Amino acid sequence: MRTILEIIKKEFAQFKRDPKMFGVILVAPVMQLIFLGFAATLDVKVIKTYILDNDHSDRSAELVREFSSSQYFRIDGYVSDYDELTKVMDGGNALIAFVIPSGFEKDIESGKTAELQAIINGSDGNTSSIASGYAASIISSYSNKIMLNKLELRGVKQLPAGRITADTRVWYNPMLLSRYFMVPGIVGLLLTVITLILTSLAIVKEKEIGTLEQIIVTPIKPYQIIAGKLIPFVIMGFISVVIVITAMRVIFGIEVRGSLIFLFISAFFYIFTTLGLGLLISTITKNQQQAMMVAMFGVMMPMVFLSGFNFQVENMPEAFRYISDFISLKYFLNIIRGVILKGSGFTDHIHDFIMIIVLGTLILAISILRFNKRLE
Amino acid sequence: MNSIVADNLTKKFGSFTSVDSVSFSVKQGEIFGFLGANGAGKSTTIKMLCGLLEPTSGDAAVGGYSIKKEADKVKTVIGYMSQRFSLYNDLTVGENINFFGGVYGLYGNSLKERREWILDIANLRGKENTLTGSLPGGVKQRLALGTAVIHRPEIVFLDEPTSGVDPVSRRSFWELIHSLSEEGTTVFVTTHYLEEAEFCSNIILIDAGRLIAEGNSKFLKSNYITNKIFEIRSPGLIELLDSAKKLPFVEDVSIFGNSIHLMVTSEIEEADDLKNRLESITGIKLTGIEVIPPSLEDVFIHLLEGKK
Ligand SMILES: Nc1ncnc2c1ncn2[C@@H]1O[C@H](COP(=O)(O)OP(=O)(O)OP(=O)(O)O)[C@@H](O)[C@H]1O
Ligand SMILES: [Mg+2]
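Just so you know, these numbers come straight off a predicted model, no measurement behind them.

**Description of the overall build of chain A**
- If you tally the helices and strands in chain A, you get 14 helices and four strands.
- In chain A, once contacts between residues fewer than 6 apart in sequence are set aside, the share between residues at least 24 apart is 79%.
- As displayed, chain A offers around 18400 Å² of accessible surface, 62% of which is attributable to carbon and sulfur atoms.

Structure, rendered in structure tokens:
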């Protein structure tokens, strides 16, 4: 125990002298949060929209104006029939198309329910769900406006009591911002960066400069080296999670609705996986540069991609969906998003939680065995 | 009593044999010199003896423990100073000492006592808070040596401890090695500097992974060199060197500063005889010639050249 403490102490003495480390742990998380958080809303600000107007009426033109004057929909063109529409959608030129049936105006004027068809390109599940949310909210506010107008025309100045309004609600993300989806994910991403990339770098660095050899010739046990090297990064990881969660609240006004304790316990088991992978990378690479490359492109990127950090897992090709079952980040993101946005807790995430523990323990055990073998 | 007994120690990296069936023994408390050219296999051998690399075949007993079966115990009796400086440059002198002391299980007064000792030998008293990376090379090496023996090991392995260090620092480093040896520590040291080999009580020479000579300096000089060695001066030194190489009565020849050392076959005994032969064959005038006792360098050049 004393030996492990010595290593931890040494590790922190080195952090203290390495301004880069502080940057990575304290500044980068906040920067990343701001950058990714704002970038996340940008990519759905412009929704490429096509219109098929079979009604050619004042009302249909008015509806189109409602869309084009919102800051989200950009009317890229009009088509005259379904064949043309299919081409536009297949070519990826439109994310959403509105089909206004003939008789649209007549239905409105006669007080019937008017129908409107929206065709959405679902290949990017994230953006399309946001687009459909925007569309729904614009349509509902338009229909409210029509209703109010009509009431006014009839000379009624006040809303009659007991009026039923259609209230479209998008759950878990009431403001229809993809930021809500992304920002909690960043907590998971950061924890991964710190515990995976930094650990592998820290171990490979000692290998590269030869100090690892100097430690191995001492009677120290491999498990003591491992614990001594990993624990500081666990601490750092948690510090930066706290920073990100605070920043999330201050900058984006997103509060953690569920149990922070459950979130931290999950995070604790989640980093078994990342520490394990970091350790594994350190056994297969010779220098920091290699370790960085393998950690970034060989592990982080596929992991982030397959976890559904920015694509919904449901929209991936089948093969990827199977692989994603083995990605702990996926389960951890479920928990983070659930706890932060929905206020869900352990009972909602039993499966995710078990998977995190199983995968984490497995990966860490394999890595420790391999690392031990390497040391002998 | 033997501190180290190597028995057909072999290390292969793939199909390449880095250390090839090397056997030797090192007595307790002696300074044992391990010599060889770059890539001869010195570091590889040391790493096997320290338990950092597993031998492909063969075994060695270090402090009485098998490096194959009791690597854990070996670690308790050795100190190791690697060829590359391997203290933490981004820690202070004091932090490095405390860290390695702690890893060896030293604390409290015993750590304090050893810390003082290291600061003394490295001349770093009052500089505990200096960053290790900012120290000059010679001081770093003494600090590294002190740290390597912080736990008073029976045996210490030093892999080229003086390479890249200025001559004055090298001298004081060797004084340290001597005092360790006098206290009973076995010192196993590799070096490139042949004059340093003269400080060793026993020497082995390896080439391309094979042991090619062993013994003390005196033995090496008398046993491996039977013929005479002449030191020759001449204005046309380089031409003389080139032409002498081809002569049948010349065994080997090499340049030493402003003279050349020439070892002859047994037929030549006298300086005058050699002088006449050289001058008449090469037409180059010699300004000085004398028989000299062989240095270790002559021995090694002879042994290494002879192999080719
Ligand atoms: N891990 C390794 N994999 C493959 N070859 C290796 C490895 N380590 C050493 N070698 C090779 O083994 C040979 C001996 O290397 P070693 O480091 O033992 O030489 P050395 O005598 O210490 O040389 P130097 O004086 O340069 O330190 C070299 O040819 C080297 O390239
Ligand atoms: Mg070497």
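Additional details are given in the paragraphs that follow.
**Let's talk about the packing of aromatic side chains**
- Taken as a whole and judged by the stated rule, the model has 26 aromatic pairs over all chains.
- Seen in terms of ring centroids, Phe157(B) and Phe188(B) are 5.3 Å apart; in terms of plane orientation they differ by 55 degrees. Their pairing is tilted. Here Phe157(B), found in strand β7 (residues 155-159), pairs with Phe188(B), found in strand β8 (residues 186-191); they are 31 residues apart in sequence, far enough to count as distant.
- A relative accessible area of 0% places Phe188(B) in the buried class.
- A centroid spacing of 5.3 Å and a plane angle of 55 degrees characterise the contact between Trp174(B) and Phe199(B), whose relative ring orientation is tilted. With Trp174(B) in helix α6 (residues 167-182) and Phe199(B) in the loop between α7 (194-197) and β9 (202-207), this pair connects stretches of sequence that are 25 residues apart.
- Given a relative accessible area of 3%, Trp174(B) falls into the buried group.
- Of the residues examined, Phe199(B) reaches a relative accessible area of 29% and is grouped as partly exposed.
- Each member of the aromatic cluster is reached from another via a ring pair, and the members are Phe262(A), Phe268(A), Phe269(A), Phe272(A), Phe346(A) and Phe353(A).
- Sitting over the face of the ring of Phe99(B), Lys10(A) holds its NZ or CZ atom 5.4 Å from the ring centroid.
- The ring of Trp117(B) is capped by Arg114(B), whose NZ or CZ atom sits 4.3 Å from the centre of that ring.

**Considering the coordination of the magnesium ion (ligand 2)**
All names here are of chain B.
- Every protein donor of the magnesium ion (ligand 2) is listed here as Ser43 (OG) and Gln83 (OE1), and their distances to the metal cover 1.9 to 2.1 Å. Highlighted residues: Ser43 in helix α1 (residues 42-49) and Gln83 in the loop between β6 (78-81) and α3 (93-103), separated in sequence by 40 residues.
- Given a relative accessible area of 37%, Gln83 falls into the partly exposed group.

**Section: the nonpolar core**
Residue and element names in this part refer to chain B.
- Counting 150 residues, the largest nonpolar core has Phe24, Phe157, Phe188 and Phe300 as the members making the most contacts within it.
- Residue contacts for Phe300: discarding those within four places in its chain leaves Leu35, Leu194, Ile203, Leu205 and Leu220.
- Grouped together as the second largest cluster of nonpolar side chains are 20 residues, Leu240, Val264, Ile268 and Leu278 included.

**As for the environment of Asn372(A)**
- By the secondary structure assignment, Asn372(A) is in helix α14 (residues 350-375).
- Between the alpha carbons of Asn372(A) and Gly92(A) there is a distance of 52 Å; along the sequence they are 280 residues apart.

**Considerations on the domain arrangement of chain B**
Residue and element names in this part refer to chain B.
- Looking at the assigned domains, one finds that chain B contains domain 1 (2-221) and domain 2 (225-307).
- In this structure, domain 1 and domain 2 have C-alpha centres spaced 37 Å apart.
- Contacts between the two partners involve 12 residues from domain 1, matched on the other side by 10 residues from domain 2.
- Summed over both partners, the interface of domain 1 with domain 2 comes to about 1000 Å²; 76% of that surface belongs to carbon and sulfur atoms.
- Across the domain 1-domain 2 interface, the total number found is zero salt bridges.
- For the pair domain 1 and domain 2, the number of links is zero residue pairs in polar contact (both at pLDDT 80 or more).
- Residues of the side of domain 1 that touches domain 2, tallied by class, amount to eight nonpolar, one polar and three charged.

**Some points on the interface of chain A and chain B**
- Taken together, the 24 residues of chain A in the interface contact 25 residues of chain B.
- In total, about 2300 Å² of surface goes out of reach between chain A and chain B, with carbon and sulfur atoms giving 58% of it.
- Of all residues in chain A, the largest losses of buried area upon contact with chain B belong to Arg17(A), Gln214(A) and Val217(A), amounting jointly to 27% of the total for that side.
- The interface formed by chain A and chain B includes three salt bridges.
- The partner of Asp90(B) in a salt bridge is Lys205(A), and the shortest N-O contact between them spans 3.8 Å.
- Across the chain A-chain B interface, the total number found is 11 residue pairs in polar contact (both at pLDDT 80 or more).
- When residues of the side of chain A that touches chain B are traced back to their parent elements, those giving at least two are α1 (2-17), α7 (179-209) and α8 (211-216) of chain A.
- For the side of chain A that touches chain B, the leading source of residues is α1(A), giving nine residues.
- Across the side of chain A that touches chain B, the residue classes tally to eight nonpolar, six polar and 10 charged.

**Comments concerning the packing of helix α10 (residues 260-284) of chain A against helix α11 (residues 288-307) of chain A**
Residue and element names in this part refer to chain A.
- Axis separation between α10 and α11 bottoms out at 10 Å; the angle between their running directions is 145 degrees. The interaxial crossing formed by α10 with α11 has right-handed handedness. Facing Tyr270, Thr274, Leu277, Ile281 and Ile284 of α10, the residues of α11 in contact are Ala291, Val294, Ala295, Val299 and Met303.
- Residues of the contact of α10 with α11, tallied by class, amount to nine nonpolar, one polar and no charged.

**Thoughts on the pairing of strand β2 (residues 73-79) of chain A**
Residue and element names in this part refer to chain A.
- Summarising the sheet, strand β1 (residues 47-53) and β2 pair through six bridges and their orientation is parallel. Bridging across to β2, Ile47 finds its partner in Phe73.
- Chirality of the crossover, the property in question, places the unit of β1, helix α3 (residues 58-69) and β2 among those that are right-handed.

What counts and how
- Residues numbered from 1 in each chain as written.
- Chains lettered and ligands numbered in written order.
- Predicted model: local features only at pLDDT ≥ 70, side-chain atom pairs only at ≥ 80, totals over all residues.
- Heavy atoms only, no water.
- Helix = DSSP H or I, 4+ residues; strand = E, 2+ residues; numbered from the N terminus.
- Contact = heavy atoms within 4.5 Å.
- Areas by Shrake-Rupley, 256 points an atom, 1.4 Å probe, with all protein chains shown as cover.
- Phe/Tyr/Trp six-rings, centres within 6.5 Å; stacked < 30°, edge-to-face > 60°.
- Buried < 20%, exposed > 50% of the residue type's maximum accessible area, 1.4 Å probe, protein only.
- Lys NZ or Arg CZ within 6 Å of the ring centre and 35° of its normal.
- Donors = N, O, S within 2.8 Å, 3.2 Å for Na, K, Ca; no water.
- Core = buried A, V, L, I, M, F, W, Y, C linked by side-chain atoms within 4.5 Å.
- Domains from an automatic or database assignment.
- Buried area = accessible area lost by both parts, 1.4 Å probe.
- Salt bridge = Lys/Arg side-chain N within 4 Å of Asp/Glu carboxyl O.
- Polar contact = N/O pair within 3.5 Å; in protein donor to acceptor, adjacent residues only side chain to side chain.
- Nonpolar A, V, L, I, M, F, W, Y, C, P; charged D, E, K, R; others polar.
- Axes fitted to C-alpha atoms, helices over the stretch in contact; angles between N-to-C directions.
- Left-handed = near helix turned anticlockwise from the far one by under 90°.
- Pairing = 2+ DSSP bridges.
- Right-handed = clockwise from strand over helix to strand, strands pointing away.

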